[in-house]
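Inside the fold
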Amino acid sequence: MQILLNNNQEEIPGDLITVAELLKFKNFTFKMLITKINGVLVQKSSYEIATIRDGDIVNVLHLISGG
Amino acid sequence: MNTFEIAGRLENTIVGIAGCGGLGSNCAVALARVGVGTLIVADFDIISESNLNRQYYFFDQIGFKKVFMLKENIGRINPRVKIITHDVRLLPINIPSVFAGCDVIVEAFDMADQKEMLLESVQTNLPGIPVVVGLGMAGWGMNNNIHYRKIDNIHICGDEISEIRPDLPPLAPRVGIVANMQANTVLELLLSKEQK
């Protein structure tokens with residue numbers, strides 16, 4: 001399936017993927033991050049359940065310390 | 001619009017500042033100067049000498065609570081600004097009620113896990129309120145790395161790459177740039193709202 005991930009077109013195997021699976025697939029190993037699917041925030045506690053499908057717009061923001 | 005007209009436009013606006021350290025104190029002062037009507041400032045911390053290399057406090061304020069000293073400092077700059085202080089550690093349980101009335105929320109925490117908590121809480125419970133995040137401002141130089149971008153109504157200011165380390169501390173110049181970029185973003189959001 002095709003998704004838009006951080007403004008880039010991405011080819012993802014399968015028809016459905018969880019957020020947790022996507023992070024693993026893309027090797028996003030950062031500890032602190034924010035994930036939004038189609039403009040809606042997905043809580044970290046839901047990463048294993050929340051699903052991404054063909055055509056979704058996904059944003060993953062890596063958070064770093066300082067401020 | 002001249003500066004007085006702008007202050008007039010901002011008179012009824014409310015901005016939340018989550019954290020009164022390097023980002024929060026400097027951002028709050030910039031917004032107070034231009035005339036934002038109300039600032040809701042939250043922090044549990046007290047001022048230490050090491051904070052003075054970037055935070056908008058003074059040597060004789062060491063040992064006092066940041067929220068109360070920030071209120072005092074802003075009172076001396078622009079006494080028209082209403083400051084609502086929250087001497088609390090912000091947590092998922094109180095974030096929605098502290099910031100519910102805000103037009104914009106400024107994320108000004110230090111640690112990445114706090115930034116994550118604030119963003120998750122605000123985007124879940126107050127999804128209509130834009131949030132302006134400070135992300136990456138350690139060290140010195142590297143001017144051209146500091147940028148602005150947005151994801152829906154999350155506005156990001158910083159270089160998104162320099163994490164603070166013992167040999168890469170946060171310092172007044174870069175922290176001030178990001179804090180003022182956040183204030184500039186807030187201003188843009190408030191004035192475009194006001195134009196509607």
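The residue count restarts for each chain, going from 1 along the sequence in the order it is written. Chain letters start at A and ligand numbers start at 1, both assigned in the order the entries are written. Local features in this predicted model are restricted to residues of pLDDT 70 or higher, and side-chain atom pairs are both shown and tallied only at a pLDDT of 80 or more, whereas totals for entire chains, interfaces and linings draw on every residue.

**So, the pairing of strand β1 (residues 14-18) of chain B**
Residue and element names in this part refer to chain B. With four of five residues buried, β1 lies mostly within the body of the structure. In this sheet, strand β2 (residues 38-42) lies alongside β1 in parallel orientation, the contact comprising five bridges. Bridging from a neighbouring strand, Ile-14 pairs with Thr-38 of β2. A crossover connection joins β1 to the parallel β2 through helix α2 (residues 22-34); in handedness this β-α-β unit is right-handed. The burial criterion counts other C-beta atoms lying within 10 Å of a residue's C-beta, which is placed from the backbone; the residue is buried at 20 or more, exposed at 12 or fewer, and partly exposed between these limits. Helix and strand definitions follow DSSP, with helices as H or I runs of at least four residues and strands as E runs of at least two, each counted in order from the N terminus. Note on pairing: DSSP must find at least two bridges between two strands before they are called paired. A clockwise path from the first strand over the helix to the second, with the strands pointing away from the viewer, defines a right-handed crossover.

**Let's talk about the sheet that holds strand β2 (residues 8-11) of chain A**
Hydrogen bonding along the main chain pairs the strands of a sheet, whether they run parallel or antiparallel. Read across the open sheet, the five strands follow the order β2-β1-β7-β4-β5 (chain A); overall the sheet is mixed. Single-partner strands in this sheet number two, and they are β2 and β5 (40-42) of chain A. Each strand axis lies, on average, 35° off the axis of its neighbour in the sheet, ignoring direction. Across four bridges, the pairing between strand β1 (residues 2-5) of chain A and β2 of chain A is antiparallel. For Leu-5 of chain A, the partnering residue across the bridge sits in β2 of chain A and is Asn-8 of chain A. Distance between backbone-placed C-beta atoms decides contact: two residues are in contact if it is within 7 Å. To get an axis, fit a line to the C-alpha atoms, keeping to the stretch in contact for a helix; angles then go from 0 to 180 degrees between the N-to-C directions. In this fold helix α5 (residues 112-125) of chain B packs onto β4 (33-37) and β5 of chain A, with an angle of close to 25° to the strand it touches most, β4 of chain A.

**Focus on the packing of α2 of chain B against helix α3 (residues 66-77) of chain B**
Residues and elements named next belong to chain B. Running from amino to carboxyl end, α2 crosses α3 at an angle of 25°, the nearest separation of the two axes being 10 Å. With respect to α3, the axis of α2 lies roughly parallel. Our pair here, α2 against α3, has a crossing hand that is right-handed. Of the residues in α3, those touching α2 at Ser-25, Ala-28, Val-29, Ala-32 and Arg-33 are Leu-70, Asn-73, Ile-74 and Ile-77. Of the residues in the contact of α2 with α3, the class split is six nonpolar, two polar and one charged. Small angles under 35 degrees read as roughly parallel and large ones over 145 as roughly antiparallel, with 65 to 115 read as roughly perpendicular and the rest as oblique. Each crossing is labelled by how the near helix is turned from the far one, with a counterclockwise turn of less than a right angle marking it left-handed and a clockwise turn marking it right-handed. Residue classes follow a fixed rule: Ala, Val, Leu, Ile, Met, Phe, Trp, Tyr, Cys and Pro count as nonpolar, while Asp, Glu, Lys and Arg count as charged, and any other residue, Gly among them, counts as polar.

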